Amino acid sequence: MRGYPGFAARRVGQAVVVVLLAYVATFVVISVLPGDPVTNTLRNPENGFTEDQIARIVSYYGLDRPVPVQLWESLSRFLTGDLGVSLRSNRPVSESLLEVLPSTLTLAGAALVVAVVLAAAIAVGTQVLPRGAGQGVLRSLPSLFLSVPNFVIGLVLIHVFALQLSLFRIIEPDSAWATTFAAVALGIPVSAQLAEVLIAGLDHESRQEYAAVARSRGLGRGRLLLRHLLRPSSLPVVTVLALTVGELLGGALITETIFGRAGVGSLVESSVTTQDLPVLQAVVSLAAVVFVVVNLVADLVYPLLDPRVRTPRSTVVPREELSPA
């Protein structure tokens, strides 16, 4: 199979393999963790399980059988969409995830918007501002953003805008303002990577002959940027944008804790504390699926956006090979 259909089929197959390997690796890592989930969780008096319920859960997960058998049964359930039952609450894991997932997706989506807008503003500013008028400051901002962890940014935002200016209340973490500032704390470090790539792309394109010809014909900086430089410079950003999804999800767990939001982060924290392995396995697998799917979409869209990816024989060149030097 040649051309784009073959390329898409190979990418989809690779994505499925990566998800399965991530699930297996997560299962193996969790299985070798110290401690016995039966003793620590099921027989914990606070959880209130009876001996019959414990026997059914142990039989369901095969906790009394060898690890390879547990892995096979767990993987079989995962492939059919069954994420299992929480060892702590005896509820389906999918229900627990659906309760907290909207909060995390809202935060991650808002942070992505903040990151893209901030990165675009910085990159465009480096091209339209004359030297000595703040261009150097803009070029140094991505390095500054990368050097400051998002939890530090979150604490500063809470101190200034919640405690000093009373713009939002800490006890209302899901309010619009609280969500906005949490998104800003999460999005600022992510914007640094996007801005670096976009600035490098704009600098590369502005040195090309076609840009010099356009300037010689009197085309202004703004029109040159919007009509000729921005589109080819934005293509590598698609690659980085897909890679930052994992960082957004991981950062969301920390940011949720800082701002007191009930999201996937709090679910992971409680699962680790109580050794609720099915929930932990489901969250890690879900993160792997989201990361792989987003990168798969970027892989499939890239050849459609950039004709250079297609060779004369209609085969496809990996997008990583086309990033500007």
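Being a predicted model, the structure only gives us computed values, none of them experimental. (Residues numbered from 1 in each chain as written. Predicted model: local features only at pLDDT ≥ 70, side-chain atom pairs only at ≥ 80, totals over all residues. Heavy atoms only, no water.)

### Examining the nonpolar core
Among the nonpolar cores identified, the biggest contains 38 residues, and Phe168 and Phe259 are the most heavily contacted of them. For this core, the elements supplying multiple residues, two or more each, are helix H5 (93-128), helix H6 (135-147), helix H7 (150-164), helix H8 (176-206), helix H9 (209-216) and helix H10 (221-259). Of all the elements, H8 adds the most residues to this core, at 14 residues. The residues contacting Phe168, other than those within four sequence positions of it, are Leu157, Ile158, Phe161, Ala162, Ser175, Trp177, Ala178, Phe181 and Phe259. Residues Val100, Val268, Leu277 and Val279 belong to the second largest nonpolar core, which totals twelve residues. (Core = buried A, V, L, I, M, F, W, Y, C linked by side-chain atoms within 4.5 Å. Buried < 20%, exposed > 50% of the residue type's maximum accessible area, 1.4 Å probe, protein only. Helix = DSSP H or I, 4+ residues; strand = E, 2+ residues; numbered from the N terminus. Contact = heavy atoms within 4.5 Å.)

### A word on helix H11 (residues 264-274)
Taken together, the buried positions of H11 are Val264, Gly265, Leu267, Val268 and Ser271. The arc enclosing the buried residues of H11, seen along the axis, measures out at 160°, which places them on a common side. Downstream of H11 by a residue or two, Gln275 has a phi angle that is positive, lying close to 55°. (Arc of directions from axis to C-beta.)

### Focus: the packing of H7 against H10
Their axes nearest at 10 Å, the elements H7 and H10 cross at an angle of 25°. Regarding the angle of H7 to H10, the classification is roughly parallel. When you trace H7 past H10, the crossing you get is right-handed. Contacts from Asn150, Phe151, Gly154, Leu155 and Ile158 of H7 reach H10 at Gly251, Ile254, Thr255, Ile258 and Phe259. Residues that form the contact of H7 with H10 fall into these classes: six nonpolar, four polar and no charged. (Axes fitted to C-alpha atoms, helices over the stretch in contact; angles between N-to-C directions. Parallel < 35°, antiparallel > 145°, perpendicular 65-115°, else oblique. Left-handed = near helix turned anticlockwise from the far one by under 90°. Nonpolar A, V, L, I, M, F, W, Y, C, P; charged D, E, K, R; others polar.)

### Looking at the pattern of salt bridges
The tally for this structure, following the rule as stated, stands at six salt bridges. With a shortest N-O distance of 3.0 Å, Arg139 and Asp203 are connected by a salt bridge. Here the residue Arg139 occupies a position in helix H6, and Asp203 occupies one in helix H8, the gap between them amounting to 64 residues. With relative accessibility at 31%, the residue Arg139 sits in the partly exposed group. A salt bridge links Glu172 to Arg169, with the shortest nitrogen-to-oxygen separation between them at 3.4 Å. The exposure class assigned to Glu172 is partly exposed, which follows from its relative accessible area of 36%. Among the ionic contacts, a cluster of salt bridges with common partners joins Arg91, Glu95 and Glu99. (Salt bridge = Lys/Arg side-chain N within 4 Å of Asp/Glu carboxyl O.)

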